[in-house]
Every structure is written in C-alpha cells, then in structure tokens.
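Structure at a glance
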Amino acid sequence: MILSQSSIAFLAFLSWAVGVLPVAAQPAENENRVKPVDKSPGKKFDLWGKSVPGLPATARQEIISSVDKRIGERVTRVTRPMIMVYSPPPEKNCGAAVVICPGGGYNILAYDLEGTEVARWLNGVGVTAAVLHYRVPRSKDRPKHELPLVDVQRAIRLVRSRAKEFEVDSGRIGVLGFSAGGHLAAMASTAHEGKTYEPIDEHDRVSCRPDFSVLVYPAYLNRKGTAELSPEVKVDDSVPPAILIHTSDDGVSSLGSVAYYSALKRSGVNAELHIFPRGGHGYGLRPSNYPVSRWPQIVEGWMKTSGILNR
C-alpha cells in the first residue's frame, strides 16, 4: 500500500501495537523467482587503487568468503573495496544504473541474497547494476557506517564518471540497499554534501548524490523503539526520491522506514512507503507465500512512473 502523510502516525502505532496491516492479494507461486538473464560474470573495478582512505597503505587485499545455505556467498572481510558491474543485454539497456549495498549488520555482506541476485533482476529490467564490496566488519573505534559511507560515495562517483563506458545516463544513477545496506543507502542519500575523504583523482570531481534510492527493510534508521530518525540521518529537500519496502513483523524494525518516509514528506521529497503485514527480515528476492514477495514488481513500477526506466 502507498501511505499518505496523514496515516503515518496511525500506522506507526498499529505497527507497534499489533504488527498487522491488511493483507494484499497473494502472489502466484514462484512468481518472483530470480531468473538470471546474463550468466556472464561481472566486471571488477577497484574503488581506490593502492591507497584506501582510513587504511594504512600496507593493508593487504583481503576478501574472505564462505557459503551459507540460506544467503549463498557470505563475505566476511573486506579491506580493498570494489564494485562488480553487471550489464543488461544491449537490447534491454534503459540507461539507468544502481549501486547495490548488500546487508549484513555492517559485519558481513550477504553477497548473493542481497547482491548478485538483485543485480540479475535489475539487468532483467534494463538496469546496469554495481554490487558494492564495502568495508566490513565494522570498525571498533568509528561509527559503524563511517568507512562504508566513504566507499559508497566513491562507488557512485566511479559509476557516474564512467557513465559513457558503462553505457548509462549520469543523471539516472541510484542506490539500493538491504538492512544495514539500506541504512548505508540512506546515508549516501542524506550525507552527499559532506566531505568524507580527500579527492584522489578525476572521478572525485563529480557528485556522489544518488538520483534515487530503493530501501528494502533498512535497519538503524530510527531511535530504538521510536518513529524518530537516528541522529546521523539528516533529511532535507536535497535528498533524492525514495521507495521503501518493509513488513510489520520485521524483527529489526519497520519504524525506521516510517521515520524516514515521514521526514522525506516533510521536506517535500517524492517518496513511497509500502508496509506489508508479514514476511520478516532478510528475504531478498526469494519467493514466499507472503505478499511482500511482490516488492520487485512494485519497485519496477515506481521506477517506470518516476522516469528512471525511460530509454
């Protein structure tokens, strides 16, 4: 459902009190099963080269992965951030691009569940996808999002500055995040005017502001137990349009999406919020019997009406 501003307070209470909203029509079985349209591997692009802001020059390249039965590849340590770029078939390419931020509590990256599977879906609707390997696990002596924010800003700039090479429109580059990655996508959207690192090359001459954002069960957006934004999430009218997906029974929080949506509306920013009654947390694109499994079609529709998928 699309929530109006006048209904936010009621829904915030309802989410807290009973965790239930009206049930929409059930999707057909396996309606949203991920079907890769391009089986070729993505292309790797290092974000920083030899000098990574916040890390000593002697830090080793280290990405440790394991396979989890539920989420697929699980990246547990990143010291040299990069993006893997997946391009749609030329005949489908609409010119839009999205930097994908997998979730994992800022400790791991759910790389398949919230990364490569999402890239393949985006390729299927004509969008170029860049899966971000941002730094995890979280630093013990810095805010959890500080170094990942540096990485996502650099990733957006890299895609924008190489738009011609990637065959994308530099004015249609968005960010999509899940859970902690949703928080990171929100930070990229709200903190784009701040200086988080010293420019190192020509890529840093372009803006790191995403043109739109998709936040799927984002975490950490609100003060615990309230519908108030976390202090680091500062919304004004420069924040890009957003669509948010959440469920009332999300064990992490659905009030964060309510808080972010409310702040966007107060600032006059185009936004949609969809809260479903059940579905939990961490489902990615995996099909289920819950209506929330329809979220990719909802997001695709939003991107069409917003002009993002225009050829």
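Everything below is about the structure printed above this text.
Treat the numbers as computed from the prediction; the structure is a model and nothing was measured.

Before going further, it helps to examine the overall build of the protein. A tally of helices and strands in the protein yields seven helices and 11 strands. At a minimum sequence separation of 6, the contacts of the protein that also span at least 24 residues come to 80%. Only carbon and sulfur atoms are counted for the fraction: they give 51% of the accessible area of the protein, which is about 13,400 Å².

Okay, helix H2 (residues 112-124) next. At Val118, H2 shows its strongest bend, of approximately 30°. Burial runs high along H2: 10 of the 13 residues are buried. Where H2 is concerned, the buried positions are Leu113, Glu114, Gly115, Thr116, Glu117, Val118, Ala119, Trp121, Leu122 and Asn123. Residues of H2 that are buried sit in contact with strand E4 (82-86), strand E5 (97-101), strand E6 (109-110), strand E7 (128-133), strand E8 (173-178) and helix H7 (295-305). A positive phi of about 90° marks Gly126, the residue just after H2.

Here we take up the side chain of Thr116. With respect to the element layout, Thr116 can be found in helix H2. Residue classification places Thr116 among the buried residues on the basis of a relative accessible area of 7%. Apart from residues lying up to four places away in sequence, Thr116 is in contact with Tyr86, Tyr111 and Val131.

Moving on to the sheet that holds strand E9 (residues 213-216). Read across the open sheet, the eight strands follow the order E1-E4-E7-E5-E8-E9-E10-E11; overall the sheet is mixed. Only two strands of the sheet have a single neighbouring strand rather than two, namely strand E1 (43-46) and strand E11 (271-276). Here the average twist between neighbouring strands, direction ignored, is 20°. Both E9 and strand E10 (residues 242-247) contribute to a ladder of four bridges, which runs parallel. Among the inter-strand pairings, Ser213 is bridged to a residue of E10, identified as Ala242.

With that settled, the discussion passes to the packing of aromatic side chains. Tallied over the entire structure, the rule returns nine aromatic pairs. The interplanar angle of 80° and the centroid separation of 5.1 Å between the aromatic rings of Phe45 and Phe166 together place this pair among those described as edge-to-face. Remark: Phe166 occurs in helix H4 (residues 163-166) and Phe45 occurs in strand E1; sequence separation between them is 121 residues. For the pair formed by Phe45 and Phe166, the shared burial category is buried. Here the aromatic rings of Phe178 and Trp295 are separated by 5.9 Å at their centres, their planes lie at 70°, and the arrangement is edge-to-face.

Attention now goes to unusual backbone geometry. Residue Pro137 follows Val136 across a cis peptide bond; omega there is 0°. For Pro137, the position within the fold is in the loop between E7 and helix H3 (146-161). Although it is not a glycine, Glu167 adopts a positive phi angle of roughly 60°. A positive phi is found at Tyr217, a non-glycine position, where the angle reads about 35°. The buried category is assigned to Tyr217, whose relative accessible area is 0%.

Okay, the sheet that holds E6 next. Pairing between the strands of a sheet is mediated by backbone hydrogen bonds and can be parallel or antiparallel. Taken in spatial order, the three strands make up an open sheet running E2-E3-E6, and their pairing is antiparallel. With partners counted over all chains shown, the strands left at the sheet margins are strand E2 (63-68) and E6, one partner each. As paired strands, E2 and strand E3 (residues 72-78) are joined by six bridges and run antiparallel to one another. Across the sheet, residue Ser66 finds its bridge partner in E3, namely Arg74.

Attention now goes to helix H5 (residues 180-190). Of all 11 residues that make up H5, 11 are buried, and the element is covered over most of its length. All of the buried residues in H5 are Ala180, Gly181, Gly182, His183, Leu184, Ala185, Ala186, Met187, Ala188, Ser189 and Thr190.

The rules we used
Residues numbered from 1 in each chain as written. Predicted model: local features only at pLDDT ≥ 70, side-chain atom pairs only at ≥ 80, totals over all residues. Heavy atoms only, no water. Helix = DSSP H or I, 4+ residues; strand = E, 2+ residues; numbered from the N terminus. Contact = heavy atoms within 4.5 Å. Areas by Shrake-Rupley, 256 points an atom, 1.4 Å probe, with all protein chains shown as cover. Bend = angle between axes of the 7 residues up to and from the residue. Buried < 20%, exposed > 50% of the residue type's maximum accessible area, 1.4 Å probe, protein only. Pairing = 2+ DSSP bridges. Axes fitted to C-alpha atoms, helices over the stretch in contact; angles between N-to-C directions. Phe/Tyr/Trp six-rings, centres within 6.5 Å; stacked < 30°, edge-to-face > 60°.

Limitation: the analysis is restricted to geometry and does not speak to function.
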